[in-house]
Amino acid sequence: MKHLLKLLDLSTEEIIDILNLADQLKYEQKHGIPHNKLKGMTLGMIFQKSSTRTRVSFETGMYQLGGQALFLSSKDLQIGRGEPVQDTARVLSRYLNGIMIRTFEQSEVEDLAEFGNIPVINGLTDFCHPCQVLADLQTIREYKNKFDGLNFCYIGDGNNMANSLTVGCLKVGMNVSLACPEGYHPDPKVLEFAKDYKNFKLVSDPMEAAADADVLYTDVWASMGQEGEAEKRKVAFKGYQINDDIMRVAKSDAIVQHCLPAHREEEITAKVFEQHAVEIFDEAENRLHAQKAVMVRLMGK
Ligand code: CP
Ligand code: NVA
């Protein structure tokens, strides 16, 4: 593995290897066992969109691994004034040991990897959010102790999260049911990947998707960059919500996951959110551990 651009590029073995290392690093961190595996190294973090979790977990993670991280807002970089990503990649490769980028177009991340010669990590694009899903998988395995045969249900927009969750959950052996409204389905490349899996289902009825679920997942109705569509989307997504009715048809020990930030009373009720807050914030914490594992695998000796 040279980069983390999207989960479609990773084998099941590579995903499991990252999760195992993430568990190990989490254990070491909790027990005060130093793991300076990236001593003296620098990660550049380019952000074209807002972030709380991604920024803070990468920056802290790099520090805990003995390295440092630079926050590079695209507003301040020349990239924001039109310097091509191909040139930015070649310049940053001379200074840094790795780049994390959060942006709009997936092609920008792929270009950065192609033109630079250091590892590139996708910190979210409109197409996917692989770091989030590695943390989600780590959390699901912590709670359920397995992947095989678990029923994973996603309700809402067929967005970057739905894309990465579909690929990641299928690759590790879960049954995946998505409920998305017409016109808001996952990316065709993801549906093309999923069509070979008999345990994948895309439906329009949230209750049907949630039946017997072990894991229920949702995300915002309007993602970053779609703020102008928010009102239209409130109409399209009405009913695509994790609420008491959905919880009743899922398994009684189902866990709830949300990548955050959450919009209460839109994709999830405040009640269900608070009832499952421990799981959701364990998931947020695991961003730190999963990303440290990714950085060690990509940048470590
Ligand atoms: N879930 C997630 O990526 O959060 P941020 O947007 O705060 O980084
Ligand atoms: N779908 C959301 C995920 C945020 C972590 C967005 O892209 O804004």
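Data block above holds the structure.
Every chain is numbered on its own, with residues counted from 1 as its sequence reads. Here chains are named by letter from A upward and ligands by number from 1 upward, in the order in which they appear as written. Residues qualify for local features only when their pLDDT is at least 70, as the model is predicted, and side-chain atom pairs are given and counted only at 80 or more; totals for whole chains, interfaces and linings, by contrast, use all residues. Only heavy atoms go into the side-chain values, all of them from the structure, while hydrogens and water stay out.

> Please provide a residue-by-residue account of the pairing of strand 3 (residues 98-102), values included.
Buried means the residue's accessible area, taken with a 1.4 Å probe over protein chains only, is under 20% of the maximum for its type, while exposed means over 50%, and partly exposed covers the values in between. Put simply, DSSP marks the helices as runs of H or I at least four residues long and the strands as runs of E at least two long, and each gets a number from the N terminus on. Of all 5 residues making up strand 3, 5 are buried, and the element is well covered by its neighbours. Neither face of strand 3 is left uncovered, since the one carrying Gly-98, Met-100 and Arg-102 and the one carrying Ile-99 and Ile-101 both have all their residues buried. Here a strand pair is declared whenever DSSP counts at least two bridges between the two strands. Where strand 3 and strand 4 (residues 120-122) come together, 3 bridges link them in parallel fashion. From the neighbouring strand, Met-100 faces strand 4, where its bridge partner is Ile-121. Taken together, strand 3, helix 4 (residues 106-115) and strand 4 constitute a β-α-β crossover, and its handedness is right-handed. Looking down the strands as they point away from you, a crossover is right-handed if its path from the first strand over the helix to the second goes clockwise.

> How would you summarise the layout of surface pockets if you had to cite specific residues and measurements?
Cavities and pockets are found on a 1 Å grid laid over the protein atoms alone: a cavity is a set of points where a 1.4 Å probe fits but cannot escape, a pocket is an open set with protein on both sides within 12 Å along at least five of seven lines, and a lining residue has an atom within 4 Å of such a point. Grid points are joined across faces, edges and corners, and a volume is the space filled by probe spheres set on the points. By volume, the largest pocket amounts to about 490 Å³. Looking at the largest pocket, it is lined by 28 residues, and the ones nearest its centre are Val-220, Ser-223, Met-224, Leu-260 and Pro-261. When contributions to the lining of the largest pocket are tallied by element, the ones reaching two or more residues are helix 2 (53-64), helix 6 (160-171) and helix 9 (230-236). With 3 residues, the top contributor of residues to the lining of the largest pocket is helix 9. Residue classes follow a fixed rule: Ala, Val, Leu, Ile, Met, Phe, Trp, Tyr, Cys and Pro count as nonpolar, while Asp, Glu, Lys and Arg count as charged, and any other residue, Gly among them, counts as polar. For the lining of the largest pocket, a count of residues per class yields 10 nonpolar, 9 polar and 9 charged. By volume, the second largest pocket amounts to about 270 Å³. Along the wall of the second largest pocket there are 17 residues; nearest its centre are Asp-126, Phe-127, Asn-159, Asn-160 and Asn-163. Counting residues per element, the ones that place at least two in the lining of the second largest pocket are helix 4 and helix 6.

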